[in-house]
Amino acid sequence: MSDKRLHPATIAARAAGALNAGDGGVIPGISVATTYARGADNALLHPRNMYCRDENDTVRQAEEVIRQLEGAEESLLFPSGMASVTALFRTVPDGGRVVMQSGIYWGVTSWVRGHCARHGITLEEVDATDAGALGAACETPADLVWIEVPSNPWLKTVDIARAADLAHGAGALLAVDGTAASPVLTRALDFGADISMHSATKSMNGHTDVVAGVLSCRDRAARVWQEIARERHDGGAILGPFEAWLLMRGLRTLPLRMERMCENALRVAQALDAHEGIEAVWYPGLPGHPGHEVAARQMTGGFGCLLSVLVRGDAARAIGVAGRLQLFHRATSLGGVESLVEHRATIEPDSGIPGTLLRLSVGIEDAGDLIADLRQALGG
Ligand SMILES: *Cc1c(COP(=O)(O)O)cnc(C)c1O
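Residue numbers run consecutively from 1 along every chain, following the written order of its sequence. In keeping with the predicted nature of the model, local features appear solely for residues at pLDDT of at least 70, side-chain atom pairs appear and are counted solely at 80 or more, and the whole-chain, interface and lining totals rest on all residues. Hydrogens and water are ignored here; the side-chain numbers use all heavy atoms of the structure.

An unreviewed UniProt entry lists the protein chain under the name Cystathionine gamma-synthase, with Roseovarius pacificus as the source organism. Quoted verbatim from the Sequence similarities (unreviewed entry) heading of the UniProt record, the comment on the protein chain is "Belongs to the trans-sulfuration enzymes family." UniProt positions are given in the numbering used here, feature names are shortened, and annotations may be inferred rather than shown by experiment. As its UniProt record puts it under Cofactor (unreviewed entry), the protein chain is described as follows: "pyridoxal 5'-phosphate".

Encoded structure:
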């Protein structure tokens, strides 16, 4: 049966059929060897494995699960989300041109700005949800267009298919950071993106105990993809086998976790939307959200675990509300089974993020308990 016909829950639960090749175990082992043996005839015992850098069966098994979930030709794991981002941007030639969505994950914005400055790459930052602005930016030829859907923490929802057309018109590749959606909700390649990126540190692993990142492509023969693959092999930015194994374990329940997280996040968003202590709720699942229609087209099975709220009052009030929460850990990151809250302006003081903004990552707890906790924190 071709993987195209299987649903994500089936691919994930059986880890794309990975077995322990050594003992037939239904759960694969962790392949820890750093080097691989040759036979008396000098041929490698396992033709794909000579040396551990970039040649590891555990990493390949985790990549195969992701490749099938993404509907990709190939997926490559990296030791962090940022390592996967940098692997892609390093393929942009010195003196090239990049169009990047504004108001996205701060770590990407700040690294890309520095990288482009160091390499004479022209960087244009645009609000990519504004089709006119993105269109104007794509009138000049470019190498790469980078969007994040939905964006963190503004929850803006770019139309991926339209962005792909504009990028391709500029001769550029479209890459999509889909971390907040996960491949279960949005397969960016299906909408015309060339490369899909996820921080697997977030919902893909889902248990807040692995750092990893992944790139997936629609065309593995493309020059940029070949360069990324060669650089990973030669440059050595590889994921360790223990992390790959834990990630594969997490991936087995990704569709199930996403289902509950989306359900919970929608209920939390609706409850907060109706609360007088909240000025605004940004969640693509709410019909009033400016990106709701696009999100409904691009997301299958829910609108994700991430939402931002503006607390009525000032920054001190928002920090006070976060301080009174008992079931949300006050911590950065998202996509884990446990709910988190973060006062984003503390992390990005100069990025224009409102001081009253709290970002919530909603986990798999009981939604009623989470809503009651938010109500008591807002009541104080
Ligand atoms: C966390 C995150 C990253 C970076 O991933 P790391 O695994 O922390 O390096 C990139 N993009 C988004 C949207 C993220 O949330």
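### What about the overall build of the protein chain?
For helices the rule is a DSSP run of H or I covering at least 4 residues; for strands it is a run of E covering at least 2, with both sets numbered from the N terminus onward. Within the protein chain one finds 14 helices and 12 strands. In terms of overall dimensions, the protein chain is globule-like: its C-alpha atoms have a radius of gyration of 21 Å, near the 21 Å expected for 380 residues. Taken over the C-alpha atoms alone, the protein chain extends approximately 75 × 50 × 35 Å along its principal axes. Just so you have it, the protein chain exposes about 16,000 Å², and 53% of that area is on carbon and sulfur atoms. Note that the radius of gyration is over C-alpha atoms, with the globule rule given as 2.2 Å times the number of residues to the power 0.38. Accessible areas in this description were obtained via Shrake-Rupley with a 1.4 Å probe; residue shielding takes into account the shown protein chains only.

### Side note on the UniProt feature "modified residue: N6-(pyridoxal phosphate)lysine" (unreviewed entry) in the protein chain
Mapped onto this numbering, the UniProt entry annotates "modified residue: N6-(pyridoxal phosphate)lysine" (unreviewed entry) at Lys202. Residue placement: Lys202 occurs in the loop between strand E6 (195-199) and strand E7 (213-217). Working rule for contacts: check all heavy atoms of both residues, and any pair within 4.5 Å makes them a contact. Among residues more than four places away in sequence, those in contact with Lys202 are Tyr105, Thr179, Ser333, Leu334 and Gly335.

### With respect to the nonpolar core
Ranked by internal contacts, the top residues of the largest apolar core, which has 64 residues, are Val268, Leu272, Val281, Leu307 and Leu360. Sorting elements by how many residues they give to this core places helix H10 (residues 254-273) first, with 9 residues. Domain delimitation in this document rests on an assignment produced automatically or drawn from a domain database. Two domains share this core, each providing at least three of its residues, namely domain 1 (8-249) and domain 2 (254-379). Residues within four places of Leu307 in sequence aside, it is in contact with Leu155, Ala265, Val268, Ala269, Leu272, Val281, Trp282, Tyr283, Leu358, Arg359, Leu360 and Val362. Core analysis: the second largest hydrophobic core is formed by 26 residues, Ala87, Val108, Trp111 and Ile121 among them. Only buried Ala, Val, Leu, Ile, Met, Phe, Trp, Tyr and Cys residues count toward a nonpolar core, and they belong to the same one when joined by side-chain atoms within 4.5 Å. Three exposure classes are used, based on accessible area relative to the maximum for each residue type with a 1.4 Å probe and protein chains only: buried under 20%, partly exposed in between, and exposed over 50%.

### As for the domain arrangement of the protein chain
On domain assignment, one finds that the protein chain holds domain 1 (8-249) and domain 2 (254-379). Computed from C-alpha atoms alone, the centre-to-centre distance between domain 1 and domain 2 is 26 Å. The term buried area denotes the loss of accessible surface (1.4 Å probe radius) that occurs when two parts are joined, taken as the sum for both partners. With both chains or domains summed, domain 1 and domain 2 bury close to 2,600 Å², and 65% of this area falls on carbon and sulfur atoms. Of all residues in domain 1, Trp154, Leu155 and Leu185 bury the most surface against domain 2, accounting for 25% of the area lost on that side. When a carboxyl oxygen of Asp or Glu lies within 4 Å of a side-chain nitrogen of Lys or Arg, that pair is called a salt bridge. The interface formed by domain 1 and domain 2 contains 1 salt bridge. Arg297 is the salt-bridge partner of Asp159, the closest N and O atoms lying 2.9 Å from each other. Mapped onto the side of domain 1 that touches domain 2, the elements with two or more residues apiece are helix H1 (8-13), helix H6 (160-169) and helix H7 (182-185). Each residue receives one of three labels: charged for Asp, Glu, Lys and Arg, nonpolar for Ala, Val, Leu, Ile, Met, Phe, Trp, Tyr, Cys and Pro, and polar for the others, Gly being one of them. Residue classes in the side of domain 1 that touches domain 2 are distributed as 19 nonpolar, 9 polar and 2 charged.

### Here we look at unusual backbone geometry
With the exception of glycine, most residues fall at negative phi, and the peptide bonds are largely trans. The step from Val149 to Pro150 runs through a cis peptide bond, and the omega angle for that step is -15 degrees. With respect to the helices and strands, Pro150 occurs in the loop between strand E4 (144-148) and H6. Here the residue pair Asn152 and Pro153 is connected by a cis peptide bond, since its omega of 10 degrees sits within 30 degrees of zero. Along the chain, the position of Pro153 falls in the loop between E4 and H6. Even without a glycine there, the phi angle at Ala15 is positive, about 45 degrees. Tracing the chain through its elements places Ala15 in the loop between H1 and helix H2 (57-70). What makes Ala15 buried here is its relative accessible area of 2%.

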